[in-house]
Amino acid sequence: MRLLSPELEKEIRAHITLHLDFPRKGVGFLDIGPLLKNESLRRTMLHYLAGGIEDHCRDWAPNTIAMIEARGFSLGSSVADILRLGEVMVRKEGKLPGEVVRTSYATEYKEHNVIEMQVGSIVPGEKVVLFDDVLATGGTFEAAHKLVTRLGGKVVGVACLASIESIPALFEPQQAKMKTLGLSPFRLLRY
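Parameters at a glance
- Residues numbered from 1 in each chain as written.
- Predicted model: local features only at pLDDT ≥ 70, side-chain atom pairs only at ≥ 80, totals over all residues.
- Heavy atoms only, no water.
- Helix = DSSP H or I, 4+ residues; strand = E, 2+ residues; numbered from the N terminus.
- Buried < 20%, exposed > 50% of the residue type's maximum accessible area, 1.4 Å probe, protein only.
- Areas by Shrake-Rupley, 256 points an atom, 1.4 Å probe, with all protein chains shown as cover.
- Lys, Arg positive; Asp, Glu negative; His and termini not counted.
- Charge placed at Lys NZ, Arg CZ, Asp CG, Glu CD.
- Expected span 1.5 Å × (residues − 1).
- Contact = heavy atoms within 4.5 Å.

Topic: the overall build of the protein
Next up, step 1: When you go through the protein residue by residue, the secondary structure sums to six helices and nine strands.
Next up, step 2: Viewed in the frame of its principal axes, the protein has a C-alpha envelope of about 45 × 40 × 30 Å.
Next up, step 3: The burial tally for the protein puts 50% of its 191 residues in the buried class.
Next up, step 4: Roughly 9300 Å² of accessible area belongs to the protein as shown, and the carbon and sulfur atoms make up 52% of that amount.
Next up, step 5: Counting 24 positive and 23 negative side-chain charges, the protein places the centres of these two groups 1 Å from one another.

Things to note about helix H3 (residues 39-56)
Within an α-helix, residues lying three or four positions from one another point in the same direction, as the helix has 3.6 residues per turn.
Next up, step 1: An ideal rise of 1.5 Å per residue puts 26 Å on 18 residues; H3 measures up with 25 Å between its terminal C-alpha atoms.
Next up, step 2: Listed as buried for H3 are Leu41, Met45, Leu46, Tyr48, Leu49, Ala50, Gly52 and Ile53.
Next up, step 3: If you follow the buried residues of H3, they end up packed against helix H1 (6-14), helix H2 (33-37), helix H4 (71-83), strand E7 (127-135), strand E8 (154-163) and strand E9 (186-190).

Following this line, the structure appears as structure tokens:
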């Protein structure tokens, strides 16, 4: 994997803003909107992100990226294209047609959340990388892991653009959840 040069990392970080205590006290929100708008920088970042995921998951040869709503879609779809992987959606409750599996979970934002995946979107034995833009407490990744497993898939990796590690109230649960899942996440940036 090519490592980000200090200059490129600085430029990417200049296009991402960490908002502390948003949307509520104790939460750190990474705004990636300006990064998504900068076409050239976004494209470069996506190639580094895809290369990192490819190296991180090389031993498991994933088939699919399970992208978590909503910002995970905008980045994950491009990463899937670069890596030539299938993609499936992990969506909020009520957004997918047909038969679904669902699970509830808590995050730093809200105590009760529900996500779903369509039955048949993962085939038994399929190797899946879970992908979202940011890893905070790990609650969403843990819930997505449950859904993929329930559908018969095997989660072989967790990946994100950035993880929030400077806020103990977020980082400690994140570490505990990843350890329980037996996964070490790939992240391009750490905050």
